[in-house]
Amino acid sequence: MSKGGFLTGLRPKQSFFLLRRISYVPETTGSWPSFKGSGSYKQDSRLQGGGVSIQKLYCRSYGAETRLTTKRSISTQTPRQRPPSFPWRRSCNPRHANSSNMASHADRTLRVVNFNVLAPSARLCKPFDTKPWLQRHQAICDTLKGLNPDVVCIQEFDFHPKTTARVEGSPTELSFKSLYEANFGDRFHLHALKRTGDKPEGVGMLIRKERFEDVTVTDYDLRPRTCNRVAQIARMRDKYSGRTIVLGNTHLTVAHVNNYDIPKNRPMQMQQVLDYMNANTDRGNELLLVCADMNCDHLETEPPQRQEGAPNFTTFDVSKPVHMAFEDGYSSLYHKCNPEIKRPISHTSSYTQDGCCDYIFCKDLMKKDGQKLGAQYKDAFLYPAEIHPEHAWDPYTGWSHSLDWSITMSDHRPLVVDLLVPKL
C-alpha cells in the first residue's frame, strides 16, 4: 500500500489498545494509526458485541500461561444482527412455514457462520500486509460476537509459534488461540485442529455452550498425506429442538492445475468428508451440516488456465467436490436461498479466479410418519449484507469502496445462514 491515503497523518510510535484495554507492541516497525483517548480505540457501532460491553480486561498469570479475564455487562437478551433490506436481497421463504407461524419458530433459529479468517502466518496480500494481526483478528472476533452465532466454523486457524503479541503487564505473549479463547471462552466451546506436517494453520469450531449438549468433536487426517489436510466433525444435541446435529468443517486443497490435485486429491478428500459424516449418523434423523472452504466455485464459467504438462480441465472438473456433495443429497444453503444472485464472490485469490468458494451444505435426515422433513432455511447472506454479493475485490480497498477494516477483515467474507430446525 502506498504511504498516502490510509497512512496519511499517522504517528510512528503510537501503541494500540486492543480488546478495549490491552496494549501491545507491534512486531513490525512502521507508522500506525493514532487513537484518541487513553486505552481505547474508535470502533464501528456494527462491531459491538451484540449487547456485550467489555468494561475492563486484565491479565492474570498462572505459571507459564497467561489468561485473559473479561468483566462484562451482558443484556438479558442478546440481539442478532439482521441484515437490512437492500435491492439485491430478499428474505428466504421457508419451505414448510408461512409468515403466520414464523414467530413461533424464532426460538429455534439456528445461526451458522463459516469464515476463512486468513491466518497471520499465511502469505498475506495487500492490504493485509500492513495490518497487525492482533488488530485484524480482534475485529473478526467483534464481528462474530455481533452476529451472535450458535456455531462458527473457521478455516486458517493459526498455530504458528510466532503469531504472538506482547501484552503489557504480562511476562508471556498473547497467542492466536488465546485471543479467541479470551473473546469466546465464556460462552463457546473452542475446538481447534492443526493441519498435519509442518503446516502452521488448520481449522476450528466455536460451539455455543447454552444451546448444545453432549458435544463430541472428532478429528480426522485426510488422505493423501502429502496434502496435509484435516477435517473436524462434531456431533451434538440441540437443546431447543431436541435434534442431533452433525457438523463438519474442512478446507480442501487448492485446485492447482497439475496431474493430481484436481482429478485425484480434491475428490478423494471430499469423499472422505462425506463418508465420515455418514459414519457419525446412527438414528437416521440427524441434521447434517458441512462448512467448508472448497477452494472452487460451482458457478464458475471459465476453465482454469492450462499449465504446461497438465491436461485441460473443465470447470466441472475443478468444482467436482461441490457436485459430490450435491449428489450425496446436500444442498448449498446460500445458493438455495439466493437463486437470483448470478455470481456471488466470497473470496479473492492471486492464483485462481475470484468466486464463492465458501459453502454451508445441509442435509436433513429427519422423517416423521414416513415423510421426510427438512430444516427450513430462513436466511443466508455474505457479511456485511450492505455490500453487494457480486461486489468485486479491490487490492487497495478490499471488500468496500474505501478501505474499512471492520469490513475487510480477510480475503474471504463471512457466510451466515439461519435455519429453522423442526423438533423431533
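In this text, all values refer to a predicted model and were calculated from it rather than measured experimentally.

This next bit is on the packing of aromatic side chains. Summed over all chains, the structure comprises 13 aromatic pairs. Ring centres 5.6 Å apart and planes at 55° place the aromatic pair F157 and F159 in the tilted group. When its relative accessible area of 0% is taken as the criterion, F157 is described as buried. Put simply, the rings of W133, F157, F159, F176, Y180, F184 and F188 pair up and form one aromatic cluster.

Turning to the confidence of the model for the protein chain, a few remarks are in order. Taken as a whole, the protein chain shows an average pLDDT of 79; of its residues, 73% reach a score of 70 or greater. Counting contacts from residues 93-106, a segment whose pLDDT is below 50, to residues more than four positions away or on other chains yields 18 contacts.

This part covers the side chain of D293. By the secondary structure assignment, D293 is in strand β14 (residues 287-293). Of the side chains with opposite charge, R229 lies nearest to the buried D293, which makes no salt bridge, at 7.0 Å. At 3.1 Å, the side chain of D293 forms a polar contact with the side chain of H251. If near-sequence neighbours (up to four positions away) are discounted, D293 is found in contact with N116, Q155, T250, H251, L252, C357, D358 and H412.

This paragraph deals with the pattern of salt bridges. Evaluation of the coordinates by the stated rule reveals 15 salt bridges. The shortest N-O distance in the salt bridge between D150 and R211 comes to 3.4 Å. You can see D150 sitting in the loop between α2 (133-147) and β6 (151-158) and its partner R211 sitting in the loop between β10 (201-208) and β11 (212-221), a full 61 residues away along the chain. By relative accessible area, R211 is classed as buried at 1%. For the salt bridge of D328 with K363, the shortest nitrogen-to-oxygen distance reads 3.1 Å. On the criterion of sequence distance, the pair formed by D328 in the loop between α6 (320-327) and β15 (331-332) and K363 in strand β16 (residues 358-364) is long-range, its members being 35 residues apart. Overlapping salt bridges, with partners in common, bring together D150, R208, E210, R211 and D238 in one network.

The biggest cluster of nonpolar side chains holds 28 residues, and the ones touching the most others in it are L110, L247, L287, L289, L333 and L419. Among all residues touching L247, those that are not within four sequence positions of it are V151, C153, M205, Q232, I233, A234, M236, M277, L289 and C291.

Strand order in the open sheet formed by six strands is β9-β10-β6-β5-β20-β19, and the pairing between neighbours is mixed. The outermost strands of the open sheet, each flanked by one partner alone, are β9 (188-194) and β19 (376-382). Adjacent strand axes in the sheet meet at a mean angle of 15° when their direction is disregarded. Note that β9 and β10 share seven bridges and pair antiparallel. Looking at the pairing, L190 lines up with L206 of β10. Sheet contacts for α2: β5 (109-116), β6, β19 and β20 (415-420); angle to β5, the most-contacted strand, approximately 165°.

Along the chain, the position of V151 falls in strand β6. The buried category is assigned to V151, whose relative accessible area is 2%. On a C-alpha basis, the gap between V151 and K209 in space is 9.8 Å, while along the polypeptide they are 58 residues apart.

The next subject is the packing of helix α4 (residues 261-279) against α6. Helix-helix packing is described using two parameters, namely the angle between the two axes and the distance between the axes. Between α4 and α6, whose axes approach to 9 Å, the crossing angle comes to 30°. Between α4 and α6, the crossing angle belongs to the class labelled roughly parallel. For the pair α4 and α6, the sense of crossing is right-handed. Along the contact surface, α4 presents R266, P267, M270, Q271 and L274, while α6 presents K320, P321, M324 and A325. The class makeup of the residues in the contact of α4 with α6 is six nonpolar, one polar and two charged.

On to the packing of α2 against helix α3 (residues 176-184). One can describe the packing of α2 onto α3 by two numbers: an axis separation of 10 Å at closest approach and a directional angle of 30°. On the basis of their axis angle, the class for α2 and α3 is roughly parallel. Here the hand of the crossing between α2 and α3 comes out right-handed. On α3, the residues that touch W133, L134, H137, Q138, I140, C141, D142, L144 and K145 of α2 are F176, L179, Y180, N183 and F184. Residue composition of the contact of α2 with α3, by class: nine nonpolar, three polar and two charged.

On the basis of which strands lie adjacent, the open sheet formed by six strands has the order β11-β12-β13-β14-β16-β15 and mixed pairing. Looking at the sheet topology across the chains shown, the edges are occupied by β11 and β15. Across two bridges, the pairing between β15 and β16 is antiparallel. Looking at the pairing, S331 lines up with C362 of β16. Packed on one face of the sheet, α6 meets β15 and β16 and runs near 15° to β16.

Right, let's get into α6. It helps to recall that an α-helix has 3.6 residues per turn; residues three or four apart then point in one direction. Of all the positions in α6, only P321, V322, H323, M324 and A325 are classed as buried. Contacts made by the buried residues of α6 are with α4, α5 (315-318) and β16. Positive phi appears at G329, one or two residues downstream of α6, with a value of about 100°.

Along any regular strand, the residues point their side chains to alternate faces of the sheet. Counting buried residues in β16 gives seven out of seven residues, a clear majority hidden from the surface. Every second residue of β16 is oriented toward a common face, with D358, I360, C362 and D364 on one face and Y359, F361 and K363 on the other, all of them buried. Pairing of β14 with β16 involves seven bridges; the strand directions are antiparallel. Counted as the bridge partner of C291 is I360 from β16.

So, how was this worked out
- Residues numbered from 1 in each chain as written.
- Predicted model: local features only at pLDDT ≥ 70, side-chain atom pairs only at ≥ 80, totals over all residues.
- Heavy atoms only, no water.
- Phe/Tyr/Trp six-rings, centres within 6.5 Å; stacked < 30°, edge-to-face > 60°.
- Buried < 20%, exposed > 50% of the residue type's maximum accessible area, 1.4 Å probe, protein only.
- pLDDT = per-residue confidence, 0-100.
- Contact = heavy atoms within 4.5 Å.
- Helix = DSSP H or I, 4+ residues; strand = E, 2+ residues; numbered from the N terminus.
- Lys, Arg positive; Asp, Glu negative; His and termini not counted.
- Salt bridge = Lys/Arg side-chain N within 4 Å of Asp/Glu carboxyl O.
- Polar contact = N/O pair within 3.5 Å; in protein donor to acceptor, adjacent residues only side chain to side chain.
- Core = buried A, V, L, I, M, F, W, Y, C linked by side-chain atoms within 4.5 Å.
- Pairing = 2+ DSSP bridges.
- Axes fitted to C-alpha atoms, helices over the stretch in contact; angles between N-to-C directions.
- Parallel < 35°, antiparallel > 145°, perpendicular 65-115°, else oblique.
- Left-handed = near helix turned anticlockwise from the far one by under 90°.
- Nonpolar A, V, L, I, M, F, W, Y, C, P; charged D, E, K, R; others polar.

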